[in-house]
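Letter by letter, the chains look like this.
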Amino acid sequence: MNREVTLPLIVDDRGALQVSAADVSKLLRTVGARWLHLVEAGEQGLDEDTVAALTIELAKLADRIDVACIAHSSGTQ
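Residues numbered from 1 in each chain as written. Predicted model: local features only at pLDDT ≥ 70, side-chain atom pairs only at ≥ 80, totals over all residues. Heavy atoms only, no water.

Participant: Outline the pattern of salt bridges, supporting the account with residue identities and numerical values.
Facilitator: All told, the structure shown has three salt bridges when counted by the stated rule. The partner of Asp-63 in a salt bridge is Arg-29, with the nearest N and O atoms 2.4 Å apart. One end of the pair, Asp-63, is in helix H2 (residues 48–74); the other, Arg-29, is in helix H1 (residues 21–40), and 34 residues separate them in sequence. For Lys-60, the salt bridge identified is with Glu-57, shortest N-O distance 3.3 Å. Here Lys-60 and its partner Glu-57 are both found in helix H2, three residues apart, which amounts to about one turn of the helix. (Salt bridge = Lys/Arg side-chain N within 4 Å of Asp/Glu carboxyl O. Helix = DSSP H or I, 4+ residues; strand = E, 2+ residues; numbered from the N terminus.)

Here's what the structure looks like:
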């Protein structure tokens with residue numbers, strides 16, 4: 001299954017980005033890591049397989065953001 005994900009970006013009235021892509025990808029990875037930590041700690045109500053799958057998808061999205069930013073900054077879009 002390959003779905004495109006569009007993330008809205010926060011820009012000011014001059015078009016300047018207010019949240020860096022590095023911060024967004026770091027946040028995605030941090031959320032996944034926190035979920036895994038909760039599962040490992042035995043948090044009730046969390047399905048290990050679901051958390052693992054979601055964490056993988058968050059990491060993939062973070063990777064895609066990073067790759068897109070690298071391509072943009074190197075002019076290879």
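Participant: Lay out the environment of Ile-65 in plain terms, naming residues and giving numbers.
Facilitator: Structurally, the position occupied by Ile-65 is in helix H2. Put simply, Ile-65 and Ala-22 are 43 residues apart on the chain and 8.3 Å apart in space, counted from C-alpha to C-alpha.

Participant: Describe the packing of H1 against H2, listing the residues and the values that go with them.
Facilitator: Running from amino to carboxyl end, H1 crosses H2 at an angle of 165 degrees, the nearest separation of the two axes being 9 Å. Taken together, the axis directions place H1 and H2 in an arrangement best described as roughly antiparallel. The chirality of how H1 crosses H2 is left-handed. Each residue belonging to the contact of H1 with H2 can be placed in one class, and the counts come to 16 nonpolar, three polar and four charged. (Axes fitted to C-alpha atoms, helices over the stretch in contact; angles between N-to-C directions. Parallel < 35°, antiparallel > 145°, perpendicular 65-115°, else oblique. Left-handed = near helix turned anticlockwise from the far one by under 90°. Nonpolar A, V, L, I, M, F, W, Y, C, P; charged D, E, K, R; others polar.)

Participant: Just give me the short version of H2, but keep the residues and values in it.
Facilitator: The periodicity of an α-helix, 3.6 residues per turn, causes residues three or four positions apart to be oriented the same way. Helix length check: H2 (27 residues) gives 39 Å between terminal C-alpha atoms against 39 Å at 1.5 Å per residue, within 8%. Restricting attention to buried positions, one finds in H2 the residues Val-51, Thr-55, Leu-58, Leu-61, Ala-62, Ile-65 and Ala-71. (Expected span 1.5 Å × (residues − 1). Buried < 20%, exposed > 50% of the residue type's maximum accessible area, 1.4 Å probe, protein only.)

Participant: Tell me about the side chain of Thr-55, and name the residues and values.
Facilitator: With respect to the secondary-structure elements, Thr-55 resides in helix H2. When neighbours within four sequence positions are excluded, Thr-55 is seen to be in contact with Gly-32, Trp-35 and Leu-36. (Contact = heavy atoms within 4.5 Å.)

Participant: Break down H1 for me, citing the residues and quoting the values.
Facilitator: The end-to-end C-alpha separation of H1 is 29 Å, in line with the 28 Å expected for 20 residues at 1.5 Å each. Burial in H1 covers these residues: Ser-25, Leu-28, Gly-32 and Val-39. Viewed end-on, H1 has its buried residues packed into an arc of 60 degrees, placing them on one side of the element. Within H1, the exposed residues directed more than 90 degrees away from the buried face are Ala-22, Lys-26, Leu-27 and Glu-40. Next to the buried residues of H1 lie H2. Of the residues flanking the end of H1, it is Gly-42, one or two places downstream, whose phi is positive at about 85 degrees. (Arc of directions from axis to C-beta.)

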